[in-house]
Amino acid sequence: MIELYHCVSARSFRPLWMLEELCVPYRLRMLPFPPRVHARQYLEDNPLGTVPLMKDGATRMTESAAMCQYLAARHGDGRLDVAAGDPAHGSYLNWLHMSDATLTFPQTLVLRYTHFEPAERRQPQVAQDYARWFLARLRAVDAAVQQGGFLCAGRFTAADVAVGYALQLAQHLGLAREFPHAVAGYWQRLQERPAFERALQAQHRAALEQGVDPTPSPDLR
Ligand SMILES: N[C@@H](CCC(=O)N[C@@H](CS)C(=O)NCC(=O)O)C(=O)O
C-alpha cells in the first residue's frame, strides 16, 4: 500500500488530495511540523527532513508536484492525467512545475520571514515583496480560468491539484482576499470537490489518531 508522510496542510496535501481523487488506498503517516525538529527519527527515512515523502513499493519520492504527475500516470487509469500524445501535455507539465517552483516557493519566504523565524530575524520587507511577487504570478492562473473551467485539457487534472495547493497555502497566509476574481472562483470550485473535503478530514482524523497537533502547519506560530 502507498505510504505518505504528511504534516497537516503542508505541501504533502497535494498527493493526499490526489489519492482521494483517485480513490487509491494509502496509509497516512502524520508528522509534527517541522519534522527535522520534532521527529528526528524521520531523517533516517528522508535526510531532507521535508514532507512529503511517498513510498510506493520500491518507488520513493520527495517532490509533491512530481507525485501528482506520478499518481495520475501510474494509478489514474487515464483520470487526472494528460498523456504525452495529448495536445495539452506541454501545458499540463508547465502547470505542474509552475505550481511549486513559481507559486509555492515565494510563499515559503513569506511564511518564513513573517512567522517561522525568531523575532530578531524576521524580514517584513522580504515577506511583503514575495507576497506581491506571488500575487503577480497568479496572472497566469487568472488568464487560464477566465471561462470558469480548469487549467488545461478542458477538464480537472493533476495540475489543478498541484496549483490548488498553492492557493490553499495563500489562504493560510491571508493572501486569498487579494486573488483576482477568476482565481477566487476557481479556488472556490476546487474546495467544493468531495475529494478535497475528504483529504481535509483524513488529515485531521489521522493527526488525532496519531497524537499529532491537528493545527495546519502554515498556521503554526
Ligand atoms: N519542493 C518540495 C518542497 C518540500 C518542502 O519544503 N516541504 C516543507 C513543508 S510544505 C517542509 O517539509 N518543510 C520543513 C523543513 O524545511 O524542515 C515539494 O514540493 O514537495
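Throughout what follows, the structure given in this document is the object of discussion. Predicted model, so just to flag it, every value in this text is computed and none were measured.

A word on the pairing of strand 1 (residues 2–6)
- Pairing of strand 1 with strand 2 (residues 26–30) involves five bridges; the strand directions are parallel. Bridged to Ile2 within strand 2 is Tyr26.
- The pairing of strand 1 with strand 3 (residues 53–56) spans three bridges and is antiparallel. The residue of strand 3 that forms the bridge with Tyr5 is Leu53.

A short note on the site of the ligand
- Contacts to the ligand come from Ala10, Arg11, Pro34, Arg36, Gly49, Thr50, Val51, Pro52, Glu63, Ser64, Ala65 and Asp100.
- Residue classes in the shell around the ligand are distributed as five nonpolar, three polar and four charged.

So, the nonpolar core
- Core analysis: the largest hydrophobic core is formed by 63 residues, its most contacted members being Cys68, Trp95, Ala158, Ala159, Ala162 and Val163.
- If one sorts the elements of this core by residue count, helix 8 (residues 158–172) sits on top with 10 residues.
- Residues lining this core come from more than one domain, with at least three contributed by each of domain 1 (2–80 + 195–219) and domain 2 (89–193).
- If near-sequence neighbours (up to four positions away) are discounted, Val163 is found in contact with Trp95, Ser99, Leu103, Val141 and Leu151.

Examining the sheet that holds strand 2
- Taken together, the four strands give an open sheet; going across it, the order is 2-1-3-4, and neighbouring strands pair in mixed fashion. Two strands close off the open sheet at either side, each with one partner strand: strand 2 and strand 4 (59–61). Averaged over all adjacent pairs, the angle separating strand axes in this sheet is 15°, with direction ignored.
- Examined bridge by bridge, strand 3 and strand 4 share three bridges and lie antiparallel to one another. The partner of Asp56 across the bridge, within strand 4, is Thr59.
- Relative to strand 1, helix 1 (residues 13–22) is tilted by about 145°, and along the sheet it contacts strand 1, strand 2 and strand 3.

Details of the packing of helix 4 (residues 64–75) against helix 8
- The N-to-C vectors of helix 4 and helix 8 enclose an angle of 155°; their axes lie 9 Å apart at closest approach. Here helix 8 runs roughly antiparallel to helix 4, going by the angle between their axes. When the axes of helix 4 and helix 8 are compared, the crossing they make is right-handed. Mapping the contact onto sequence places Ala65, Cys68, Gln69 and Ala72 in helix 4 and Ala158, Val161 and Ala162 in helix 8.
- Per-class residue counts for the contact of helix 4 with helix 8 are six nonpolar, one polar and no charged.

Brief notes about helix 8
- Spanning 15 residues, helix 8 covers 22 Å between terminal C-alpha atoms, matching the ideal 21 Å at 1.5 Å per step.
- Burial analysis of helix 8 places 13 of its 15 residues in the buried class, the great majority of the element.
- Gly174, located one to two residues past helix 8, shows a positive phi value of around 80°.

Quick notes on the environment of Val8
- Within the secondary structure, Val8 sits in the loop between strand 1 and helix 1.
- The exposure class assigned to Val8 is buried, which follows from the 25 C-beta atoms found within 10 Å.
- For the pair Val8 and Gly76, spaced 68 residues apart in sequence, the C-alpha to C-alpha distance is 24 Å.
- In contact with Val8, not counting residues within four places along its chain, are Gln203, Ala207, Pro214, Thr215, Pro216 and Ser217.

Thresholds, definitions, all that
Residues numbered from 1 in each chain as written. Predicted model: local features only at pLDDT ≥ 70, side-chain atom pairs only at ≥ 80, totals over all residues. Pairing = 2+ DSSP bridges. Helix = DSSP H or I, 4+ residues; strand = E, 2+ residues; numbered from the N terminus. Near = placed C-beta within 6 Å. Nonpolar A, V, L, I, M, F, W, Y, C, P; charged D, E, K, R; others polar. Core = buried A, V, L, I, M, F, W, Y, C linked by C-beta atoms within 7 Å. Buried ≥ 20, exposed ≤ 12 C-beta atoms within 10 Å, placed from the backbone. Domains from an automatic or database assignment. Contact = placed C-beta atoms within 7 Å. Axes fitted to C-alpha atoms, helices over the stretch in contact; angles between N-to-C directions. Parallel < 35°, antiparallel > 145°, perpendicular 65-115°, else oblique. Left-handed = near helix turned anticlockwise from the far one by under 90°. Expected span 1.5 Å × (residues − 1).

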